[in-house]
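# Summary of the model geometry
Here is how the chains run, residue by residue.
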Amino acid sequence: MLSVQILEKMAEIRLTRVEQGQTKIKNVPIAVTPEGFWCCPSPAVFQKSVKVQNTVNKPRPSSPPHKSNIQKKQAPVTEKRPTSTPLRPGVVSENQSATADAPAVTAPAALERTPRPKPDHLPRKVSIEFGEPGTSDMKVILLGKQGFCVKLSVHRNVLIENSSFFAKKLLEEEDALPCLEIDDCEDAEIYVETVGLMYCKDMKQRMIKQTVPRVLRILKVAEALGFNQCIHSCVQYLEAVPWVDDDEEEKVVSSILHLQGEGIGVTPILKRVSSNSSAPSKDTLSQIMDMVLKSNEERGRREMKSIVLKLLRENNSSLPSYNEAIYNSCRSCLNALVSCFKQATEPELNDSIITGKEMLVKQIALESDNLTWLLEILADRQAADDFAIMWAGQQELATLHGKLPIMSRYHVSCITARLFVGIGRGQLLPSKETRQILLKTWLQPLINDYSWLQHGCRSFDRKVVEEGIGRTILTLPLEDQQSILLSWLGSFLKAGDNCPNLQRAFEVWWRRTFVRPYVESQGNSLHMDSSIAPK
């Protein structure tokens, strides 16, 4: 067979309506080979054919033809043909689809038909023809949806060499089949293109011009036809081309997964989305955590913290065993924070060593932010109870906290605030003893830093924090509530807006202390009176 050289030729598409013998001619570019066969048809052929079909089926108001029009139509319709190798792709009516060489209906014959057929009863089947009947030795007819009947003038030896499906169909017949029908063709356009690819020697070059969704459609038809060369070319294309999003990735994987073990070579594609190990290593997550936590570039660290937090939120259920790695990072950051506080409070570190103090303050802010981020991750994973225990036991750090200026220490109170918010929302459920120690150890430092938290911490939400503190206090026994809220009242009366506003919690405690006992005693007395009353 001659090598395929794509030549763009304008082929005629003829639409004949069984209505007054009218004929419309449309030109559509078809890529033709020297053998007289298309290489890969343009999708415009199918799309324009659908539009033509819809136009034919639309009812139009009838009007008597003018004499001048009739006279013009009485002349025989002359069919235009290309000057070079004839190519006959066409869109014809159902009556014409029975034979490719049927003569066109002339105007006098159409005028003799009485009564005129209604538009609703016009033929709906549209036939598209590809190839050159003069050089082919058989036809393949695709009966598809939307009334399509696609006729392909093909070469028997090409089909047998490239397709196991066609080889089985054609070789099991003793006599050479002049025509082979394919019923219920779901994707006629891609079927035609896939058969056309049997005439291409450089199939990879043809694939470069395609998109992933279209190649997946070609792969599906190639599998049905047993066109192995095309299947391999599709797989090679899918392995090399980028996939635009997760949805396309899922479609690719699901389309080639069943080809494993068939020698098609889909393993490189699957390795793009999965590794040989059954599960990601815990060391990998620990490495990522360490890289983010130890970064000195503020913007990059902040963006990666946001990305890792989002990804972990999306995969909480699939990563249940990584809490240990996260807690290891928590302990490392906490130890670094305590070390920074100890260095910052040493008497030897006087005001003259400005550079050293500034570095320690930055490190305190960094480690505090790291711990807040890790706490956020654990709270999302409903695994922050141990963090509350760990933080409640930091009495030494709380003591050191009071020895530093507010501007150097207030970042630590962000950790305490996030714990109270988590307890108030039910994201973590520490024991009563842990809640008592947590409030006793860290509430007053939080109150002392409150003014700086409001102005120096971008993510600080006053209402959310105050609601979390109040709800945490109200989970304790009534005597503990009273002790904590009376201590808060003294601070609030002195500091005002620079102190957390816990009035709602105070009101609940008030009702529990003064109103509820009275109501219960009144109810008990009424119950006793009713029980001793004579019946």
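Further up the page is the structure itself.
Source: prediction; values computed, not measured. Residue positions are given per chain, counted from 1 along the sequence in the order it is written. In keeping with the predicted nature of the model, local features appear solely for residues at pLDDT of at least 70, side-chain atom pairs appear and are counted solely at 80 or more, and the whole-chain, interface and lining totals rest on all residues. Processing note: side-chain calculations cover all non-hydrogen atoms of the structure and skip hydrogens and water entirely.

Put simply, DSSP H or I for four residues or longer makes a helix, DSSP E for two residues or longer makes a strand, and each gets a number counted from the N terminus. Secondary structure summary: the protein contains 24 helices and 7 strands in total. Considering the protein as a whole, with its 535 residues, one finds that 43% of them fall into the buried category. A sequence separation of at least 24 residues applies to 70% of the contacts in the protein between residues at least 6 apart. As presented, the protein carries roughly 30100 Å² of accessible surface, and 53% of it is formed by carbon and sulfur atoms. Think of it in three bands: residues with accessible area under 20% of the maximum for their type are buried, residues over 50% are exposed, and the middle band is partly exposed, with areas taken using a 1.4 Å probe on protein chains only. Whether two residues touch is decided by their heavy atoms; if any such pair falls within 4.5 Å, the residues are in contact. Accessible surface is estimated by sampling points in the Shrake-Rupley manner with a 1.4 Å probe; for residues, cover comes only from the protein chains shown.

Convention adopted: a line fitted to C-alpha atoms gives each axis, helices being fitted over their contacting stretch, and angles between N-to-C directions are expressed from 0 to 180 degrees. Interaxial distance between helix 16 (residues 385–392) and helix 19 (residues 412–425) falls to 11 Å at its minimum, and their mutual angle equals 135°. Comparing their axes, helix 19 and helix 16 come out oblique. As helix 16 runs across helix 19, the sense of the crossing is left-handed. Every residue of helix 19 that contacts helix 16 at Phe387, Ala388 and Trp391 is listed here: Val412, Ile415, Thr416 and Leu419. Looking at side-chain class alone, the contact of helix 16 with helix 19 contains 6 nonpolar, 1 polar and no charged residues. In what follows, roughly perpendicular refers to angles from 65 to 115 degrees, roughly parallel to angles under 35, roughly antiparallel to angles over 145, and oblique to any angle outside these ranges. Two helices cross in a left-handed way if the nearer one is turned anticlockwise from the farther one by less than a right angle. They cross in a right-handed way if the turn is clockwise. Residues were grouped as follows: Ala, Val, Leu, Ile, Met, Phe, Trp, Tyr, Cys and Pro as nonpolar; Asp, Glu, Lys and Arg as charged; and all remaining residues, including Gly, as polar.

Let us now look at the state of the cysteines. Our working definition of a disulfide is a cysteine sulfur pair at a distance within 2.5 Å. Summed over the entire model, instances satisfying the criterion amount to 0 disulfides. With no disulfide of its own, Cys457 lies closest to Cys414 among cysteine sulfurs, the gap being 3.4 Å. A relative accessible area of 15% places Cys457 in the buried class.

With 6 bridges joining them, strand 5 (residues 138–144) and strand 6 (residues 148–154) adopt antiparallel strand pairing. If you follow Ile141 over to strand 6, its bridge partner there is Lys151. Strand pairing is assigned whenever DSSP detects at least two bridges linking the two strands. The pairing of strand 5 with strand 7 (residues 179–185) spans 5 bridges and is parallel. The partner of Lys139 across the bridge, within strand 7, is Cys179.

Centre-to-centre distance and the angle between the planes together describe a pair of aromatic rings. Stacked, tilted and edge-to-face are the three classes assigned to paired rings of Phe, Tyr and Trp, where Trp is represented by its six-membered ring and a pair needs centres within 6.5 Å; plane angles under 30 degrees give stacked, over 60 edge-to-face, the rest tilted. Enumeration according to the criterion identifies 10 aromatic pairs in this entry. Considering the side-chain rings of Tyr450 and Phe460, the 5.5 Å spacing of their centres and the 80° angle between planes classify their relative orientation as edge-to-face. Of the two residues, Tyr450 sits in helix 21 (residues 450–456) while Phe460 sits in the loop between helix 21 and helix 22 (462–474), which places them 10 residues apart along the sequence. Of the residues examined, Tyr450 reaches a relative accessible area of 0% and is grouped as buried. When the centroid spacing of 5.1 Å and the interplanar angle of 25° are considered together, the rings of Trp488 and Phe492 count as stacked. Here the residue Trp488 and the residue Phe492 both occupy positions in helix 23 (residues 478–495), the gap between them amounting to 4 residues, near one helical turn.

No statement about biological role is implied by the geometric values presented.
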